[in-house]
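# A structural walkthrough
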Amino acid sequence: MRAPFRLLPALLLCCGPIEASAARYVVAGNAETVFAWESQRCDAQDIPDAPARAFRDAAGTVHLFAAHFVNRALTGASLDTVTPNCRIAFAASGNDDPAAFDDRLWLTSFDTSDGTVIHALAHAEYHGHRRPGCVGGRYMDCWWNAVVQLVSRDGGATFRRAGRDGGAVAASPYAYDGRQGHPTGYFSPSNIIELGGYRYVFIFAAAQGLQRRGACLLRTDRIPEPGRWRAWDGNDFTVRLIGAFAGPGQPPQDRVCAPLAGIPSTLTSVTQRPDGSFTGLFAASRPLVPGGDPVAGVYAIRSRDLLHWSEASLLLAVPMMFDFPCDAPSVYAYPSLLDPDSPSPIFANTGAHPYLYLTRFNVRDCKLGMNRDLVRFPVVLQEEPAPDGADR
């Protein structure tokens, strides 16, 4: 996998850009290791390869996933004490049919109301470069992606596909084509946010045909049913991203989402702050001032309604997976914000002292391999005026 608290529902349609805040999140210390690949892996493929997500089961055990396509969790009595659990929670079948959405899946989002039934969204990659007919023959040339839904009925110990159509939540309106030459489809679900009786999630859309590139927002009023998810069309949540394999009846223009302004990259984390606003995180390399040199790192944006977002501020400057010098000993990816004291069963809220979780790649010969760790940085909510352009 690569990159490419309640408000009324009416607020999602009413509000403009948020006002400046007197508080912002600031990294307040050095990294600590949560999972060390060299000493704690279950096998060579046991790597942190997605943003860290967590939930509590009915017994109070915390399950922390930073998934690879063989999905395992770290488990423990709290977010501070989780350790590797080598039990496989889910692994897809490697199906050669792209319409099955069952080649390789990363569990990336979770929701539960009772700690026993756990609903999950997965980033589903079809690796066309592993099959005949891929022009170019490289991973990126024939990567076709979707978002699917799974369910666990044993507190997150094991997951299975949910509903019909392979549990498809978001699939490209255009069929897989080995001549595409670039990644296509819908990618990297954020964590799930509950708001006013709905569940919301952000996904990232690749540009293809009528689908514009950018971050799209989906919601559902009935999470046990994958077919209930609807995407924002620019005015309301009306679009079912049913994909090219869901049968005839809707032209492609009725099966694309409208990306939101103000989100320049994959939104890897969305959490609700004590004042009710939301903090979103993304990785990027961008100038801090107009005309300045790009700075790689983790950036934060803020919203009060999930639709309108502030200007981005730099949360942590570190070399990132997509932009690093060869002499960097470590580079980073997949930021997320988690608070051990969150009252939410899916850690959807952050208070004054959360942690910034990241995958740290241990660079060898200017290459990123399997040797990578899950780390976290302490963060504090700093009560001081934010400068122009800071986290709002």
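So, a few notes on the structure that sits alongside this text. (Residues numbered from 1 in each chain as written. Predicted model: local features only at pLDDT ≥ 70, side-chain atom pairs only at ≥ 80, totals over all residues. Heavy atoms only, no water.)

## Examining unusual backbone geometry
Residues other than glycine seldom take positive phi values, yet Ser 188 does so here, at roughly 50 degrees. Position of Ser 188 relative to the elements: it lies in the loop between strand S14 (184-187) and strand S15 (193-195). For Ser 188, a relative accessible area of 7% corresponds to the buried category. In this model, Tyr 334 sits at a positive phi of 60 degrees, which is unusual for a non-glycine residue. Examined against the element boundaries, Tyr 334 turns out to sit in strand S24 (residues 330-338). A relative accessible area of 5% places Tyr 334 in the buried class. (Helix = DSSP H or I, 4+ residues; strand = E, 2+ residues; numbered from the N terminus. Buried < 20%, exposed > 50% of the residue type's maximum accessible area, 1.4 Å probe, protein only.)

## Looking at the packing of aromatic side chains
All told, the structure shown has 16 aromatic pairs when counted by the stated rule. Ring centres of Phe 69 and Trp 106 lie 5.7 Å apart, and the angle between their planes is 80 degrees; on these two criteria the pair is classed as edge-to-face. Pair noted here: Phe 69 is in the loop between strand S4 (62-65) and strand S5 (70-71) and Trp 106 is in strand S9 (residues 104-111), with a separation of 37 residues, a long-range link. Taking relative accessible area as the criterion, Phe 69 reaches 16% and is therefore assigned buried. Ring geometry for Phe 282 and Tyr 299: centres 5.9 Å apart, planes at 15 degrees, overall stacked. Here the residue Phe 282 occupies a position in strand S21 (residues 278-287), and Tyr 299 occupies one in strand S22 (residues 294-303), the gap between them amounting to 17 residues. The exposure classification of Phe 282 matches that of Tyr 299, with both residues buried. Clustering of aromatic rings is evident, with ring pairs tying together Phe 55, Phe 65, Phe 110 and Phe 159. Its end group placed over the ring of Trp 37, Arg 41 keeps NZ or CZ at 4.0 Å from the ring centre. (Phe/Tyr/Trp six-rings, centres within 6.5 Å; stacked < 30°, edge-to-face > 60°. Lys NZ or Arg CZ within 6 Å of the ring centre and 35° of its normal.)

## Looking at the environment of Glu 32
Following the sequence through the fold, Glu 32 ends up in strand S2 (residues 32-35). Since its relative accessible area comes to 33%, Glu 32 is described here as partly exposed. Distance in space between the C-alpha atoms of Glu 32 and Arg 240 is 41 Å, their sequence separation being 208 residues. Among the polar contacts listed, one links the side chain of Glu 32 to the side chain of Arg 376, at a separation of 2.8 Å. (Polar contact = N/O pair within 3.5 Å; in protein donor to acceptor, adjacent residues only side chain to side chain.)

## A look at the sheet that holds S22
An order of S20-S21-S22-S23 is seen for the four strands of this open sheet, with the pairing classed as antiparallel. Looking at the sheet topology across the chains shown, the edges are occupied by strand S20 (269-272) and strand S23 (313-317). Taken pair by pair, the neighbouring strands of this sheet meet at an average axis angle of 35 degrees, ignoring direction. Bridge analysis of S22 against S23 gives four bridges, and the strand direction is antiparallel. Each bridged residue has a counterpart across the sheet, and for Gly 297 the counterpart in S23 is Ala 317. (Pairing = 2+ DSSP bridges. Axes fitted to C-alpha atoms, helices over the stretch in contact; angles between N-to-C directions.)

## Here's the deal with the pattern of salt bridges
Summed over all chains, the structure comprises 14 salt bridges. A salt bridge links Arg 376 to Glu 32; its shortest N-O distance comes to 2.8 Å. Linking Arg 376 in strand S26 (residues 372-383) with Glu 32 in strand S2, this pair joins segments that are 344 residues apart in sequence. Arg 131 is the salt-bridge partner of Asp 96, the closest N and O atoms lying 2.9 Å from each other. Linking Asp 96 in the loop between strand S8 (90-91) and S9 with Arg 131 in the loop between strand S10 (118-127) and strand S11 (143-152), this pair joins segments that are 35 residues apart in sequence. On the basis of relative accessible area, Arg 131 is assigned to the buried category, the value being 13%. What emerges from the salt-bridge pattern is a single network uniting Glu 32, Asp 80 and Arg 376. (Salt bridge = Lys/Arg side-chain N within 4 Å of Asp/Glu carboxyl O.)

## Points about the pairing of S10
Within S10, 10 of the 10 residues are buried, leaving the element largely enclosed by the surrounding structure. Burial of the side chains of S10 extends over both faces: Ile 118, Ala 120, Ala 122, Ala 124 and Tyr 126 are buried on one face and His 119, Leu 121, His 123, Glu 125 and His 127 on the other. Judged from the seven bridges that link them, S9 and S10 form a sheet pairing that is antiparallel. When the bridges of S10 are listed, Arg 104 appears paired with Glu 125.

## Points about the sheet that holds strand S6 (residues 74-76)
The strand order across the open sheet formed by four strands is S3-S4-S6-S7, and the pairing between neighbours is antiparallel. What marks the edges here is a single partner per strand, and that holds for strand S3 (53-56) and strand S7 (83-84).

## Overview of the state of the cysteines
Going through the model one piece at a time under the given rule, you end up with four disulfides. The disulfide partner of Cys 216 is Cys 257, and the gap between their sulfur atoms is 2.2 Å. Negative torsions about the S-S bond denote left-handed disulfides, and the value of about 80 degrees found for Cys 216 with Cys 257 makes this one right-handed. Of this pair, Cys 216 sits in strand S17 (residues 214-220) while Cys 257 is found in the loop between strand S19 (237-239) and S20, placing the two residues 41 residues apart along the sequence. By sequence-ordered numbering of the bonded cysteines, the protein chain has its disulfides arranged as 1-2, 3-4, 5-6, 7-8. (Disulfide = S-S within 2.5 Å.)

## Let's talk about the pairing of S11
In regular strands, side chains alternate between the two faces of the sheet. Of all 10 residues in S11, 10 are buried; the element is thus mostly enclosed. Neither face of S11 is open: one carries Trp 143, Asn 145, Val 147, Gln 149 and Val 151, the other Trp 144, Ala 146, Val 148, Leu 150 and Ser 152, and all of them are buried. Across 10 bridges, S10 lies against S11 in antiparallel orientation. Across the sheet, residue His 127 finds its bridge partner in S11, namely Trp 143. As paired strands, S11 and S14 are joined by two bridges and run parallel to one another. Counterpart to Trp 144 in the pairing with S14 is Thr 184. Pairing of S11 with strand S13 (residues 168-171), which is carried by three bridges, proceeds in the antiparallel orientation.

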